[in-house]
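Observations on chain architecture
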Amino acid sequence: MLPSPTTLEDVAAAARVSRSTASRVLRGNGPVSGRARQAVLDAVERLGYVPHPGARSLASGQGERVVVAVGSPSSDLLADPYVARVVAAASRTADTEGVGVALRWLGREPRAELERLARDPGVGGVLLVDYSADVLAVVPPSLVPRVAAIGPADGRVPSYDVDAAAGIAALVEHVVASGRRDVLMLSGPRWLPGTRRAVAAYAATMDAAGLPRRVVAADLTASAGAGAVRRARLRWPATDAVVAMSDLLAFGAVRALTEDGARVPDDVAVTGFDDHPLARELGVALTTATHPVEQIAAAATADLLGRRRDGRTFPSVVVVRATA
């Protein structure tokens with residue numbers, strides 16, 4: 001087995017400084033004491049450290065930032081908690097290499113915006129989030145080597161994603177095993193590729209159990225979840241479980257059900273997806289499935305800086321709490 005390459009963490013440990021201090025020394029900017037600088041340089045020579053070529057080019061002016069590019073039809077998702085988690089995790093990872101992170105909405109003409117990013121010498125990499133298949137299709141060939149997708153991809157760019165299908169299927173199996181028979185799915189908007197996978201997993205699990213499908217699409221917000229569950233109960237009044245594609249949808253469903261006099265989970269069980277930090281803080285803690293957003297975004301950013309093109313799918317597991 002070949003030995004693992006020396007990392008910046010190895011250099012920092014050998015020099016007895018923080019990773020960020022070692023990074024500043026190697027970039028040649030930022031406040032660093034003379035003693036720390038010499039310790040890092042000695043460690044680099046001793047260990048034979050060579051920075052990742054992607055990170056080196058970013059820090060040397062061939063791209064000084066990673067852009068988190070939101071491909072949604074509306075700019076509303078710029079304020080989505082999911083996007084905020086992606087940006088925070090990407091920033092923590094990029095900062096260790098002295099690289100900045102910017103947030104950009106691709107707008108109503110994503111092709112033109114992606115072409116601008118491709119021409120911008122300051123853009124070292126692009127993380128695509130909340131995009132449709134149409135957005136993926138118009139990524140310029142010149143930009144493809146600098147793109148990673150956080151979500152399903154088309155094979156041209158590496159994908160870093162959660163196994164949402166397995167998580168949704170496990171949630172449906174969980175509520176069915178508890179005796180629920182009229183299980184409603186609150187899905188995300190139809191333009192989102194992840195919606196199709198989640199609905200397909202729900203449908204397959206319901207079919208296997210011999211139970212009817214009930215699907216209502218909604219934007220991934222609490223208010224949309226509240227409205228969707230109310231509409232669904234008018235159509236299917238016997239609904240005894242709600243499997244939501246996101247925790248925000250589930251939060252809205254719990255609120256609407258409670259306001260309408262239904263008991264959660266006695267009358268209607270509710271599950272979410274994401275294991276959002278607030279999922280355990282509700283008055284009735286939310287049953288959900290894990291979505292390691294921070295790990296996914298960190299892996300995508302690190303691989304983008306190092307120009308690896310592997311992609312990776314992260315597992316999702318059910319977290320049982322009080323709502324189902």
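Residues numbered from 1 in each chain as written. Predicted model: local features only at pLDDT ≥ 70, side-chain atom pairs only at ≥ 80, totals over all residues. Heavy atoms only, no water.

So, on to the overall build of the chain. In terms of helices and strands, the chain carries 12 helices and 12 strands. Expressed as lengths along the three principal axes of its C-alpha atoms, the size of the chain is roughly 70 × 40 × 40 Å. A buried classification covers 52% of the 324 residues belonging to the chain. Look at the contacts in the chain between residues 6 or more apart in sequence, and 72% of them connect residues 24 or more apart. Charged side chains in the chain number 37 positive and 34 negative. The centres of these two groups are separated by 3 Å. (Helix = DSSP H or I, 4+ residues; strand = E, 2+ residues; numbered from the N terminus. Buried < 20%, exposed > 50% of the residue type's maximum accessible area, 1.4 Å probe, protein only. Contact = heavy atoms within 4.5 Å. Lys, Arg positive; Asp, Glu negative; His and termini not counted. Charge placed at Lys NZ, Arg CZ, Asp CG, Glu CD.)

With that out of the way, let us pick up the packing of aromatic side chains. The description of an aromatic ring pair uses the distance of the two centres, along with the angle that the planes make with each other. Counted under the stated rule, the structure contains zero aromatic pairs. The ring of Phe314 is capped by Arg312, whose NZ or CZ atom sits 4.2 Å from the centre of that ring. (Phe/Tyr/Trp six-rings, centres within 6.5 Å; stacked < 30°, edge-to-face > 60°. Lys NZ or Arg CZ within 6 Å of the ring centre and 35° of its normal.)

What follows covers the pairing of strand 6 (residues 183-187). Counting buried positions along strand 6 yields five of five residues, so the element is predominantly enclosed. What you see with strand 6 is no split at all: Val183, Met185 and Ser187 on one side and Leu184 and Leu186 on the other are buried throughout. Summarising the sheet, strand 6 and strand 7 (residues 214-217) pair through four bridges and their orientation is parallel. By the bridge assignment for strand 7, Leu186 is matched with Val216. For the crossover that starts at strand 6, traverses helix 9 (residues 193-209) and ends in the parallel strand 7, the hand is right-handed. (Pairing = 2+ DSSP bridges. Right-handed = clockwise from strand over helix to strand, strands pointing away.)

Burial of the side chains of strand 8 (residues 241-244) extends over both faces: Ala241 and Val243 are buried on one face and Val242 and Ala244 on the other. Alignment of strand 6 against strand 8, held across four bridges, turns out to be parallel. If you follow Met185 over to strand 8, its bridge partner there is Val243. Sheet topology note: the strand 8/strand 9 (residues 269-271) ladder contains three bridges and is parallel. Its bridge partner lying in strand 9, Val242 is registered against Val270. Remark: the strand 8/helix 11 (residues 247-259)/strand 9 crossover connection has right-handed handedness.

What follows is about the packing of helix 8 (residues 164-177) against helix 9. Angle between the axes and distance between the axes are the two parameters that describe a pair of packed helices. One way to put it is that helix 8 packs onto helix 9 with a least axis distance of 8 Å and a crossing angle of 35°. Between helix 8 and helix 9 lies a crossing whose hand is right-handed. Where helix 8 abuts helix 9, its residues Ala164, Ala165, Ile168, Ala169, Val172, Glu173 and Val176 lie against Arg197, Ala198, Ala201, Tyr202, Thr205, Met206 and Ala209. Among the residues making up the contact of helix 8 with helix 9, the classes are represented as 11 nonpolar, one polar and two charged. (Axes fitted to C-alpha atoms, helices over the stretch in contact; angles between N-to-C directions. Left-handed = near helix turned anticlockwise from the far one by under 90°. Nonpolar A, V, L, I, M, F, W, Y, C, P; charged D, E, K, R; others polar.)

This part is about the pattern of salt bridges. Where charged atoms from two side chains of opposite charge come close, those side chains can pair. As enumerated under the stated definition, the model contains 13 salt bridges in all. Counted as one network, the salt bridges with shared partners bring together Arg104, Glu113 and Arg116. (Salt bridge = Lys/Arg side-chain N within 4 Å of Asp/Glu carboxyl O.)

Right, let's talk about the environment of Ser74 for a bit. Note that Ser74 resides in the loop between strand 1 (65-70) and helix 5 (81-95). Along the backbone, Ser74 and Arg108 are 34 residues apart, and their C-alpha atoms lie at a distance of 7.9 Å. There is a polar contact of 3.1 Å between the side chain of Ser74 and the backbone nitrogen of Asp76. (Polar contact = N/O pair within 3.5 Å; in protein donor to acceptor, adjacent residues only side chain to side chain.)

Interhelical geometry of helix 1 (residues 8-15) versus helix 3 (residues 34-47) gives an angle of 120° and a closest axis separation of 8 Å. By the angle between their axes, helix 1 is oblique relative to helix 3. The crossing of helix 1 and helix 3 is right-handed. Here helix 1 contributes Asp10, Val11, Ala14 and Ala15 to the contact with helix 3, which in turn contributes Ala39, Val40, Ala43, Val44, Arg46 and Leu47. Here the residues of the contact of helix 1 with helix 3 sort into eight nonpolar, no polar and two charged. (Parallel < 35°, antiparallel > 145°, perpendicular 65-115°, else oblique.)

End to end, helix 3 covers 20 Å across 14 residues, agreeing with the expected 20 Å (1.5 Å per residue, within 8%). Among the residues of helix 3, Ala36, Val40, Ala43 and Val44 are the ones counted as buried. Taken down its axis, helix 3 places every buried residue within 100° of arc, on the same side. Summarising the geometry of helix 3, the exposed residues directed more than 90 degrees from the buried face are Gly34, Arg35, Glu45 and Arg46. (Expected span 1.5 Å × (residues − 1). Arc of directions from axis to C-beta.)

Turning next to the side chain of Arg85. Tracing the backbone through its elements, the reader meets Arg85 in helix 5. What makes Arg85 buried here is its relative accessible area of 14%. Discounting chain neighbours no more than four positions away, the residues touching Arg85 are Asp274, His276, Pro277, His291, Val293 and Glu294.

Within the largest apolar cluster, 74 residues are counted, with the highest numbers of intra-cluster contacts made by Leu127, Ile150, Ile168, Leu186 and Val270. If one sorts the elements of this core by residue count, helix 11 sits on top with eight residues. If near-sequence neighbours (up to four positions away) are discounted, Val270 is found in contact with Val242, Ala250, Ala253, Val254, Leu257, Val264, Leu286, Thr287, Thr323 and Ala324. By size, the runner-up hydrophobic cluster in this structure holds 19 residues, among which are Leu106, Val126, Tyr131 and Leu143. (Core = buried A, V, L, I, M, F, W, Y, C linked by side-chain atoms within 4.5 Å.)

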